[in-house]
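Descriptive structure summary
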2 protein chains.
Amino acid sequence: MPQLRLALAQVDATVGALTANADLVRVRTREAAGAGAHLVAFPEMVLTGYPVEDLALRSSFVEASRAALEQLAADLASDGLGDLPVVVGYLDRGGDPASLTTAQGPADRRGQHGRGGGALPKGLPQNCAAVLCGGEVVARYAKHFLPTYGVFDEFRVFVPGDALALVRVRGVDVALAICEDLWQDGGPVAQCREAGAELLLVLNGSPFERGKDGVRLDLARRRADEAGCPLAYLNAVGGQDELVFDGGSLVVAADGTLLARAPRFTEHLLVLDVDAPARAADRELRGDEVVRVVSEEPAAPRAPLPAPITEPLDDVAALWSALVLGLGDYVRKNGFTRVALGLSGGIDSAVVASLAVDALGPGGLTGVSLPSSYSSGHSRDDADDLAQRLGCDYRVVPIAPVVDAFTEHLAEAVELSSVAGENLQARVRGTLLMALSNSEGHLVLATSNMSELSVGYATLYGDSVGGFAPLKDVPKLLVWELARWRNADAGR
Amino acid sequence: MPQLRLALAQVDATVGALTANADLVRVRTREAAGAGAHLVAFPEMVLTGYPVEDLALRSSFVEASRAALEQLAADLASDGLGDLPVVVGYLDRGGDPASLTTAQGPADRRGQHGRGGGALPKGLPQNCAAVLCGGEVVARYAKHFLPTYGVFDEFRVFVPGDALALVRVRGVDVALAICEDLWQDGGPVAQCREAGAELLLVLNGSPFERGKDGVRLDLARRRADEAGCPLAYLNAVGGQDELVFDGGSLVVAADGTLLARAPRFTEHLLVLDVDAPARAADRELRGDEVVRVVSEEPAAPRAPLPAPITEPLDDVAALWSALVLGLGDYVRKNGFTRVALGLSGGIDSAVVASLAVDALGPGGLTGVSLPSSYSSGHSRDDADDLAQRLGCDYRVVPIAPVVDAFTEHLAEAVELSSVAGENLQARVRGTLLMALSNSEGHLVLATSNMSELSVGYATLYGDSVGGFAPLKDVPKLLVWELARWRNADAGR
């Protein structure tokens, strides 16, 4: 049975940062070459970052992605890595408009870029994978299924592909697929078996949801069975705006055995030896016109590397890690180094502050206590105590004098209702935090949780102030669970 | 040549207000019956309002729309209007999942509602039109082309239809189409001629853009020629969140002659007599299986009504009307009666205040002058003068005392940068306006224009405060044009 040493590079790309992302690929490819890999793979759209959303509709960005891909192929060769085939996700254009009649009718798909026939670009944007080798792009694949639900909007910005792509590496025929292609019935996965694929390699940008890692493993097992060959599931890692990609890349054998699994919430190069079934008979059936041959000669047999199988994380531990990664990447990718938030002595701000310190270190956080004349001594003490334990910058700014100035002054023009008075306090706090941010360059964090936000229990321009709200998708009871978990973890 | 008296009811529906929208239909149908109409039509999704966006993904809302349609049919009959066929847009479910293989493959479309096969609803949401007559729904049509660009996201929430719908009214075969069906080549419009359609009726929810009314007329002429019959283009009117539907419904003959045109930016019932070409030969070709016969007997000949052709509006006049309608409907549809804004003495706030008074009357506006210690006497005088001319409620609240309280107080915790000081003033103004809004129930209007917003020249939580920003899509030079136009118009 031919053997392939596969390197899955679970990396954290940044949307739009073409050069930095290409550098990630070069660094990890060198590392994979050092580990003796025969094939190295990177996540969905690693070169552009993912999701690119409406950047896909800017033809200058599409061209920049194409040029970056060609440059990357050349750079890998000049790095001395030209012999090692590298699979990278990127943004391309393709989908000859004339061929689109099979989908919704050509006009409808053209309509994406404006009404009517108009001036068509040379092909429309596609979510693609390419195989780089010998300084060139030797194969391309376009995603077939475009998710357009939940956090996904791909039908809006991409046109689907409809062709299979197989590359032969060391005599093993590797089929490519991208993310949603794996989740939907039909499409390239269903065609793998009859196409004689000996390994199915799936590039993903699959966002974190609670419990999803188990669902992914089950799915990979089912699809490996359907394809009749091992399946390598490579996921992105990192935060991108509201999304967190959690990694957890894995490889299963055709019979569903879990062969290797990478850790979650961190970059990782997963290297393992995969035994691929030889399928000469199927190959003859399909003919060889769909396969791009990179290398025919099988790898010399060697003792397989020990393949790591990372244990699954506990649910709350995974959530904590997701929040830390999402917060940290949002801050870093947007050019900040520090955050500020109001410390009320309550649980929400305590959890957000702890997340911030885990993400950025104690030097990355300024906590501000903003007591009103109604704040209890107890809540002030709790805020002091938290700041001390976290070791962060800490300041106290009582808000009463400013609130008083507002209310006395406003009295001439308007009679303040009691709700207006409460909201006024929250807005004075928000304004104080923004003055701090303006002067010293912090990103302000909002501390509202999902339960409060879902019922509108927040003051617009008050406690809702901030550039990022780490708990916006975390309901209150789970905030308490997170706090308990973090306290217990600190004691371990 | 058979004659049909057509009534196009250009009405202002509200998203989600099923009962109120049905009442609109009943009132206008009675009016159309009084005018002797043979057929009355209402805009795209009039029953649910448009666009419904993710409401379409709530099956309870789909069922409510279906039930409201049945109820409306019954109510029209009990109103004594059962003999008059009524065409209404609404939200339905259809699109047997098994039949969707012709589009993107069934799994992809199911994926709209979550991954995998899962529990499928009984049919997926569709943007539909129905013909009501005799207390029943006698024909249904589902939109073929789903725009998914610009302000539209229909592929996300609907599945496309693929069948033609023809109804025979007084011996005239009327084909139905919905909005994007007219803009894209192919589809139901292309099939009209061979299907023997004698009138093409298009229900629209087509949002205002500058210059679009001329484009629509050209398009209607081209499609009437293609269909070989008269074309009735019925548009919605009214504001819905960021969109303004501008009406301007029109009817063209098969040869492109403009037969009638309704005014824009106002509700209107356009009644006219249309001469439809008799196409017995084409009818024989298609057979009658696709047509739903409402009434065979041609209408008795009568002298045609004079058909109004409203003159086109000047570009800036149309824009002013669009802004007034959009603002007024946003306020009313969200349950407010009054707005408040800061009057700086500058052009942006002057234009917004004038729009507000045109939309809501002088009693609907509270203008607040919020001078700082840096405001010139001149700008204060301009604000006073404007408020006097508009006849609105007017208050003056100098902000210096509050700004001073902030800066003195903050000095202990942070050294304010000069930008922070400027932003602080804007935030004090925002907080004062929100305190007024909280206490008295105004919707606060933000006065930033598109040029400022596009370059980030606004203070977050400061002058960006407010529930609606009338000028957010209006660049600065156009703000001046609007001001000049409004001054000239006041003098007319």
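So, a few notes on the structure that sits alongside this text.

The rules behind each value
Residues numbered from 1 in each chain as written. Chains lettered and ligands numbered in written order. Predicted model: local features only at pLDDT ≥ 70, side-chain atom pairs only at ≥ 80, totals over all residues. Heavy atoms only, no water. Helix = DSSP H or I, 4+ residues; strand = E, 2+ residues; numbered from the N terminus. Buried < 20%, exposed > 50% of the residue type's maximum accessible area, 1.4 Å probe, protein only. Areas by Shrake-Rupley, 256 points an atom, 1.4 Å probe, with all protein chains shown as cover. Lys, Arg positive; Asp, Glu negative; His and termini not counted. Charge placed at Lys NZ, Arg CZ, Asp CG, Glu CD. Least-squares fit on C-alpha atoms with pLDDT ≥ 70 in both. Contact = heavy atoms within 4.5 Å. Salt bridge = Lys/Arg side-chain N within 4 Å of Asp/Glu carboxyl O. Expected span 1.5 Å × (residues − 1). Pairing = 2+ DSSP bridges. Axes fitted to C-alpha atoms, helices over the stretch in contact; angles between N-to-C directions. Buried area = accessible area lost by both parts, 1.4 Å probe. Nonpolar A, V, L, I, M, F, W, Y, C, P; charged D, E, K, R; others polar. Arc of directions from axis to C-beta. Parallel < 35°, antiparallel > 145°, perpendicular 65-115°, else oblique. Left-handed = near helix turned anticlockwise from the far one by under 90°.

Topic: the overall build of chain A
Per the secondary structure count, chain A includes 15 helices and 19 strands. If one aligns the C-alpha atoms of chain A with their principal axes, the spans along those axes are about 85 × 60 × 40 Å. Counting the 492 residues in chain A, one finds 58% classified as buried. When the accessible surface of chain A is split by element, carbon and sulfur atoms take 52% of a total near 18700 Å². Within chain A, the 64 negative side-chain charges are centred at a point lying 2 Å from the centre of the 43 positive side-chain charges.

Section: the relation of the copies chain A and chain B
Of the transformation superimposing chain A on chain B, the axial component is 0.0 Å and the angular component is 180°, with the fit at an RMSD of 0.0 Å. Between the two chains, the operation in question is that of a two-fold axis. By residue overlap, the copies meet face to face through one surface: 100% of the interface positions of chain A are interface positions in chain B.

A short note on the pattern of salt bridges
The tally for this structure, following the rule as stated, stands at 64 salt bridges over all chains. Between A:K333 and A:D12 there is a salt bridge; the shortest N-O distance is 2.8 Å. Here A:K333 is found in helix α9 (residues 315-333), whereas its partner A:D12 is found in the loop between β1 (3-10) and α1 (18-34), with 321 residues between them in sequence. As a salt-bridge pair, B:R66 and B:D92 come within 2.4 Å of each other at their nearest N and O atoms. Here B:D92 lies in strand β3 (residues 86-94) and B:R66 lies in helix α2 (residues 59-81), a separation of 26 residues in the sequence. By sharing partners, the salt bridges in this structure join A:E63, A:R66, A:E70, A:D92, A:R93 and A:R140 into a single network.

Quick look at helix α15 (residues 476-491) of chain A
Taking 1.5 Å per residue, 16 residues should reach 22 Å; α15(A) reaches 23 Å between its end C-alpha atoms and fits that length. Those residues of α15(A) hidden inside the fold are in contact with α9 and α10 (347-360) of chain A.

Describing the sheet that holds strand β13 (residues 258-261) of chain A
Residues and elements named next belong to chain A. The seven strands lie next to each other as β13-β12-β9-β8-β7-β6-β15, forming an open sheet whose pairing is mixed. Since the sheet does not close on itself, it has two edges, and those belong to β13 and β15 (291-293), each with one partner. Taken over all neighbouring pairs, the strand axes of this sheet differ in orientation by 20° on average, direction set aside. Note: strand β7 (residues 172-178) against strand β8 (residues 199-204), five bridges, orientation parallel. Paired with A177 across the two strands is V202, which belongs to β8. In this fold helix α7 (residues 212-227) packs onto β8, β9 (231-235), β12 (250-252) and β13, with an angle of close to 40° to the strand it touches most, β12.

Remarks on the environment of A:A22
All names here are of chain A. Structurally, A22 can be placed in helix α1. A22 gets classed as buried once you look at its relative accessible area, which sits at 11%. Here the alpha-carbon distance between A22 and G363, two residues 341 residues apart in the chain, equals 30 Å. Look past the residues within four positions of A22 in its chain and what remains in contact with it is L47 and L72.

Some thoughts on the sheet that holds strand β18 (residues 393-396) of chain B
Pairing between the strands of a sheet comes from backbone hydrogen bonds, and it takes one of two forms, parallel or antiparallel. Residues and elements named next belong to chain B. Here we have four strands laid out as an open sheet, ordered β18-β17-β16-β19, and parallel in their pairing. For this open sheet the edge positions go to β18 and β19 (443-444), each flanked by a neighbour on one side alone. Inspection of the sheet shows strand β17 (residues 365-369) paired to β18 by four bridges, in the parallel sense. The partner of G367 across the bridge, within β18, is Y394. Contacting β16 (339-342) and β17, helix α10 (residues 347-360) crosses the sheet at an angle of about 165° to β16.

Some remarks on unusual backbone geometry
Residue and element names in this part refer to chain A. Note the cis peptide between Y50 and P51, where omega equals 0°. As for its position among the elements, P51 is in the loop between β2 (39-41) and α2 (59-81). Here M45, not a glycine, exhibits a phi torsion of approximately 50°, which is positive. You can see M45 is positioned in the loop between β2 and α2. M45 gets classed as buried once you look at its relative accessible area, which sits at 0%.

Concerning the interface of chain A and chain B
Contact with chain A, which involves 57 residues of that partner, is made by 59 residues of chain B. Buried area between chain A and chain B, summed over both chains or domains, comes out near 5300 Å², and the portion from carbon and sulfur atoms is 59%. Counting across the interface, chain A meets chain B through two salt bridges. In this structure, the salt-bridge partner of B:D153 is A:R156, at a minimum N-O distance of 3.1 Å. Where the side of chain A that touches chain B is concerned, the elements lending two or more residues are α3 (106-110), α4 (154-157), α5 (180-183), α12 (400-410) and α13 (418-440) of chain A. Residue contributions to the side of chain A that touches chain B peak at 14 residues, all from α13(A). In terms of residue class, the side of chain A that touches chain B is made up of 31 nonpolar, 15 polar and eleven charged.

Considering helix α15 (residues 476-491) of chain B
Think of an α-helix as 3.6 residues a turn; residues three or four steps apart then line up on the same face. Residues and elements named next belong to chain B. Along α15, the residues classified as buried are L478, V479, L482, A483 and W485. The buried residues of α15 occupy an angular sector of 165° when projected down its axis, which confines them to one face. Seen from the buried face of α15, the exposed residues on the opposite side, beyond 90 degrees, are L477, R484, N487 and G491. Tucked inside the fold, the buried residues of α15 contact α9 (315-333) and α10.

A look at the packing of α9(B) against α10(B)
Residue and element names in this part refer to chain B. Remark: α9 packs on α10, axes separated minimally by 8 Å, with the N-to-C direction vectors making an angle of 65°. The angle between α9 and α10 falls in the class roughly perpendicular. Of the two elements, α9 crosses α10, and the hand of that crossing is right-handed. Counted together, W320, L323, V324, L327, G328, V331 and R332 of α9 and V351, S354, L355, A356, D358, A359 and L360 of α10 form the full contact between these two elements. Classifying every residue of the contact of α9 with α10 gives ten nonpolar, two polar and two charged.

Coordinates in, geometry out; function isn't part of it.
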